[in-house]
Amino acid sequence: MAITVGGLVEGGVFCHDMGDVVLMYANGEVTVKFSVTDAAGVKVSEFEEQYYPNANSEIHISGLSEVMECYLQGESVTDLFAPDSNYKDVGGFATLSMEIYESGKLVKTCAQMFFQANSRTGLFPAAYKYFLSRFREREVFTDQLLTCAYIFRGQTLKCGIAWADDEDKMCYKEVVLATSGVQNGHIVMHQYKPSDIANRAGVTAEQLLYITLMLMDGTQRIDYMKMVYDSRKHKERTGFAFKNLFGVLEHIIFTGKNKHTADLEGSYSWIGRKYRKMHTDLTSSHTVCSGWIDQDTHDSVKDAIRSDEVYIVDELKLGDMVTITGIDLEYNRPSDKPVSAAITYRVSDKIQERFTRARQMGTRIFDDSFDKTFE
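Remember, it's a predicted structure, so these values are computed and weren't measured experimentally. (Residues numbered from 1 in each chain as written. Predicted model: local features only at pLDDT ≥ 70, side-chain atom pairs only at ≥ 80, totals over all residues. Heavy atoms only, no water.)

1. Examining unusual backbone geometry
Phase 1: Look at S103: it is not a glycine, yet its phi comes out positive at around 55°.
Phase 2: Position of S103 relative to the elements: it lies in the loop between β8 (93–102) and β9 (105–115). (Helix = DSSP H or I, 4+ residues; strand = E, 2+ residues; numbered from the N terminus.)

2. Re the sheet that holds strand β14 (residues 187–192)
Phase 1: The strand order across the open sheet formed by three strands is β7-β14-β11, and the pairing between neighbours is antiparallel. Sheet topology places β7 (87–91) and β11 (146–151) at the edges, where each strand pairs with a single neighbour. The sheet shows a mean angle of 20° between the axes of neighbouring strands, direction not considered.
Phase 2: One ladder, built from four bridges, connects β7 with β14; its direction is antiparallel. Bridging across to β14, K88 finds its partner in M189. (Pairing = 2+ DSSP bridges. Axes fitted to C-alpha atoms, helices over the stretch in contact; angles between N-to-C directions.)

3. A closer look at helix α4 (residues 295–306)
Phase 1: With 12 residues, α4 ought to run about 16 Å at 1.5 Å a step, and its terminal C-alpha atoms sit 17 Å apart, in line with that.
Phase 2: Buried within α4 we find T297, H298, D299, S300, V301, D303 and A304.
Phase 3: Of the residues flanking the start of α4, the one acting as N-cap is D294, its side-chain oxygen 3.3 Å from the backbone nitrogen of D296. (Expected span 1.5 Å × (residues − 1). Buried < 20%, exposed > 50% of the residue type's maximum accessible area, 1.4 Å probe, protein only. Polar contact = N/O pair within 3.5 Å; in protein donor to acceptor, adjacent residues only side chain to side chain.)

4. What to know about the nonpolar core
Phase 1: Within the largest apolar cluster, 27 residues are counted, with the highest numbers of intra-cluster contacts made by I161 and L213.
Phase 2: At the level of elements, β11, β12 (156–164), β13 (170–177), β14, α3 (194–199), β15 (208–217) and β16 (220–229) are the ones that each hand at least two residues to this core.
Phase 3: Excluding residues that lie within four positions of it along the chain, L213 makes contacts with F131, C148, L157, K158, C159, L177, D223, Y224, M225 and M227. (Core = buried A, V, L, I, M, F, W, Y, C linked by side-chain atoms within 4.5 Å. Contact = heavy atoms within 4.5 Å.)

5. Overview of the layout of surface pockets
One water molecule sets the probe size; rolling that probe over the atoms shows where empty space is left.
Phase 1: Considering only enclosed or pocket space, the largest pocket measures out at about 1,300 Å³ in volume.
Phase 2: Those elements giving two or more residues to the lining of the largest pocket turn out to be β17 (238–243), β18 (249–254), β19 (258–271), β20 (274–289), β21 (310–314), β22 (317–328) and β23 (342–347).
Phase 3: Broken down by element, the residue count for the lining of the largest pocket peaks at four residues, all from β22.
Phase 4: Across the lining of the largest pocket, the residue classes tally to six nonpolar, 11 polar and 12 charged.
Phase 5: Empty space within the second largest pocket amounts to approximately 410 Å³.
Phase 6: Lining the second largest pocket are 20 residues, with E139, R232, T255, W292 and I293 sitting closest to its centre.
Phase 7: Of all elements in the fold, only β10 (137–140) and β18 reach the threshold of two or more residues within the lining of the second largest pocket.
Phase 8: With three residues, β18 is the largest single contributor of residues to the lining of the second largest pocket.
Phase 9: Of the residues assigned to the lining of the second largest pocket, the class counts are eight nonpolar, six polar and six charged. (1 Å grid on protein atoms, 1.4 Å probe; cavity = no way out; pocket = protein on both sides within 12 Å on 5 of 7 lines; lining within 4 Å. Points joined across faces, edges and corners; volume = space filled by probe spheres on them. Nonpolar A, V, L, I, M, F, W, Y, C, P; charged D, E, K, R; others polar.)

6. Side note on the pattern of salt bridges
Phase 1: Tallying each qualifying case throughout the model produces 15 salt bridges.
Phase 2: Bridged by salt links that share partners, the residues R134, D303 and R306 form one connected network. (Salt bridge = Lys/Arg side-chain N within 4 Å of Asp/Glu carboxyl O.)

7. Thoughts on the pairing of β15
Phase 1: Counting buried positions over the 10 residues of β15 gives eight, a clear majority of the element.
Phase 2: Where β12 lies against β15, eight bridges are found, and the strand directions are antiparallel. Looking across to β15, one finds that C159 is bridged to L213.
Phase 3: Examined bridge by bridge, β15 and β16 share eight bridges and lie antiparallel to one another. Each bridged residue has a counterpart across the sheet, and for T212 the counterpart in β16 is K226.
Phase 4: Where β15 folds back on β16, the antiparallel hairpin that results is connected by two residues, among which G218 adopts a positive phi of roughly 70°.

8. Describing the side chain of T238
Phase 1: If you trace the backbone, T238 turns up in strand β17.
Phase 2: Of the residues examined, T238 reaches a relative accessible area of 6% and is grouped as buried.
Phase 3: Discounting residues that sit within four places of it in the chain, T238 has contacts with I252, I253, F254, N258, V288, I312 and Y345.

9. Regarding a nonpolar patch on the surface
Phase 1: On the surface, L264, Y268, W270, Y275 and L282 cluster together into a nonpolar patch covering about 600 Å² of accessible area.
Phase 2: Of the residues forming the nonpolar patch, the biggest block, three residues, is contributed by β19. (Patch = residues over 30% accessible without salt bridge, like charges linked within 9 Å, V, L, I, M, F, W, Y side chains within 5 Å. Areas by Shrake-Rupley, 256 points an atom, 1.4 Å probe, with all protein chains shown as cover.)

Honestly, it's all geometry; don't read function into it.
Below you can see the structure in the form of structure tokens.
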């Protein structure tokens, strides 16, 4: 009987949901030639493995998710972070093709498409038309990049904009956010400055109350994300840009205290009867608290920890790449209190310090009466 293949998922699979591929009715040595093709159709790797069947004439090929993970890194954060581009096709998948040889003869060919996901999802990409995000509702700021992504299958993205007019009355408007030139089945990522969204309603970012991003399948709304603007005063804010579990850009802002510490390492020697320092290595670390956050944001912090790149964001501009060196994600359940998180990071560059100079301060009254900074 000819070899048959089991365990493949039609229409693709999110990477870490992939199980074993099973070759049934195998006899003797089987050679499988693998090739990996990226979303652009370019072959990026080829390799082969030899297998032998078990007593049931089956071969179980395990660990394909780990193999494919390195081919699903996608674009870097610096390439993804482009607030003025509005949207881009990021591909987001790769295809593993298999040629199966038995006794030197080609007996079967098959392929499996993998979509980026660095954790288990339980979702099927072929039927998943929704946002690739943990968030349903969240608080955001007027200097926070608004991002969303989805597997494009003909959906339309609409944006509901709510703002307060000059008389403090709430106004609302819906607009369609353009998407063109995206291939069906590819991941499309949108990113907007709050000022860009506000301009579509003819107002300023400071007037925004909330926006709702809505995915439409024809005239039916199939998914939404609501972003409510936080107008409270937070004296200390630290923004991070990273890739979420689906490999697309995410921007979160911590509103808690930022504790700075430094470690000094150096080499010393006697020179001319004086004990002198020959080399200085000053390593600065920052421990930042998130402030009170919901469970979705807490999980998003875990995505930042897993991300291969994390950058500081200041005023919608990428700053230094940082390396997360410590975490505190402890919380209790059940609990009547919100959760918080803390991370410790250091600048990735060997020369960590960057020259800064205080800005000229205008004439104003300094009042921290309403400072909401979380300890």
